[in-house]
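# Architecture at a glance
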Amino acid sequence: MGKDVAATSYTREQRQRYREKVRQDLDVFERMLHTHSFDFERQLTGMEIELNLVGDDLYPTMSNASVLRSIADEDYQTELGQYNIELNVSPRPLPGDAALQLEKDLRESLNRAEKQANAAGAQIAMIGILPTLMTEHFSTEWMSTNTRYAALNEAIFSARGEDIFIDIEGASGERLAMFADSIAPESACTSVQLHLQVQPHRFADHWNAAQAISSVQLAIGANSPYFFGKELWHESRVPLFEQATDTRAIELKNQGVRPRVWFGERWITSIFDLFEENVRYFPALLPESTDEDPVAVFEAGEAPQLAELRLHNGTVYRWNRPIYDIVGGKPHLRVENRVLPAGPTIIDGMANSAFYYGVVRTLADSDRPVWTRMSFAAAEENFYSCARRGIDAKVYWPGFGEVQADELTLRHLLPMADEGLKSWGVATEVRDRYLGVIEERCRTGQNGASWQIDCVKALEAKGTDRGSALVEMLRLYLERMHVGDPVHTWDLP
């Protein structure tokens, strides 16, 4: 959720000062893009994995504080809900067989965390939306004790002036329609964020590539079909996150005001386009200012923190977010890909990330980029179609027209991913291991979402009611998650 804040409400003077500081930061950032040296000695990647906590009954347990004390590892942090934690993976380079070591490190870390969570009376579930989460779980204290979360909740509802309406209808015809008086539903959306460090002059190519491929990421990686007992979209995180953090009343939607969770509306030519849109379109949610004079710092030859601009950026939830950060006094830029759900297994997550990094590299390096041959509206339509239907979705792709997402992946995108990873210097055994998982997932037509749906349907066909079927499905899911075989190999009850 980003930087901590100190307050949950703000004065008019604070808001005015913050707006002025954000605009000043933006001006300095533009100057930096033209004149400053950004760190790029070793191109690094990073990963964040959001996780759920359940008790022995497989329902959410609001115990992340005690679980984190038991884990006692600074890589694990709180998330919005008390039944959520997050694992932050240290940045590392892509070349060679680094990914194999990352997979090993992740398995060891999560096994150790699971053991410590068990000691605190909880189990860890790596899944996009916890299927046993129900409305009653938000009737008591559900939010983690962090001022930022309380401040966001207050800011979103102050901006709206009314409760949030959640309205999602699945392809099967099941529908969830309800009002929420807090941002609690947002906490259900547990994801994997992939970070890629890029040079300023190449940022637009990588962001546009990430936007273009995000639909297929959803199609083959979907893992969130159930929310509050309803079978909704294959990746229900998408509409749920968009609606649960919506600061707009109906009238503002009708006026075309942009949502805080945003696919975007155009291809870009510079990272500046995205930060400038943030400042132009989105009012402050957390208007906390620092004493930094970014102009003075910049003109002294140092890298300014640009704290206000970064804080503001952290409250605009693009599916591919631009990141300005400073490590060891050196500024750098990253694309943060926020599309994927957590799970189902470590190897599935590694395969999803390898596919993403490989395809993005090839698309970004293309002599005739895909975004010059496809409208932004088509990319957005692809995104929502794949979120709704998952691995059964169709997409539009230049040179192929309307095509099944899994067929496009097998025929066109997997070779692209292999080429891109090869350009990164990734070892053959790594490419074969992870891209082979994606290939088999497409050939079998089974990803996390389709397995969950088929499992629940099989249990219901035996006479099990929906609530009991979701609990049993999660039990079977966790068994297979711990075994660690990729989801395309999972059997059904």
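Above this text you will find the structure in question.
Attention here is on the structure that accompanies the text. (Residues numbered from 1 in each chain as written. Predicted model: local features only at pLDDT ≥ 70, side-chain atom pairs only at ≥ 80, totals over all residues. Heavy atoms only, no water.)

## With respect to helix 2 (residues 64-71)
Burial in helix 2 covers these residues: Asn-64, Val-67, Leu-68, Ser-70 and Ile-71. The buried residues of helix 2 occupy an angular sector of 160° when projected down its axis, which confines them to one face. In this fold, the buried residues of helix 2 make contact with strand 1 (44-54), strand 2 (76-78), strand 3 (84-93) and helix 3 (98-119). Of the residues one or two after helix 2, Ala-72 is the one with positive phi, at around 50°. (Buried < 20%, exposed > 50% of the residue type's maximum accessible area, 1.4 Å probe, protein only. Helix = DSSP H or I, 4+ residues; strand = E, 2+ residues; numbered from the N terminus. Arc of directions from axis to C-beta. Contact = heavy atoms within 4.5 Å.)

## As for the pairing of strand 3
Sheet analysis places strand 1 next to strand 3, joined by 8 bridges and oriented antiparallel. Bridging across to strand 3, Ile-49 finds its partner in Leu-87. Of the pairings in the sheet, the one linking strand 2 to strand 3 comprises 3 bridges and is antiparallel in character. Among the inter-strand pairings, Thr-78 is bridged to a residue of strand 3, identified as Ile-85. Counting the residues between successive antiparallel strands, the hairpin from strand 2 to strand 3 contains 5 residues. (Pairing = 2+ DSSP bridges.)

## A few points about the nonpolar core
By size, the foremost hydrophobic cluster in this structure holds 161 residues, and its most contacted members are Ile-213, Tyr-324 and Phe-355. Leaving out residues up to four positions away in the same chain, Phe-355 has contacts with Ile-213, Val-216, Ile-220, Thr-409, Leu-413, Leu-414, Ala-417, Leu-435 and Ile-438. (Core = buried A, V, L, I, M, F, W, Y, C linked by side-chain atoms within 4.5 Å.)

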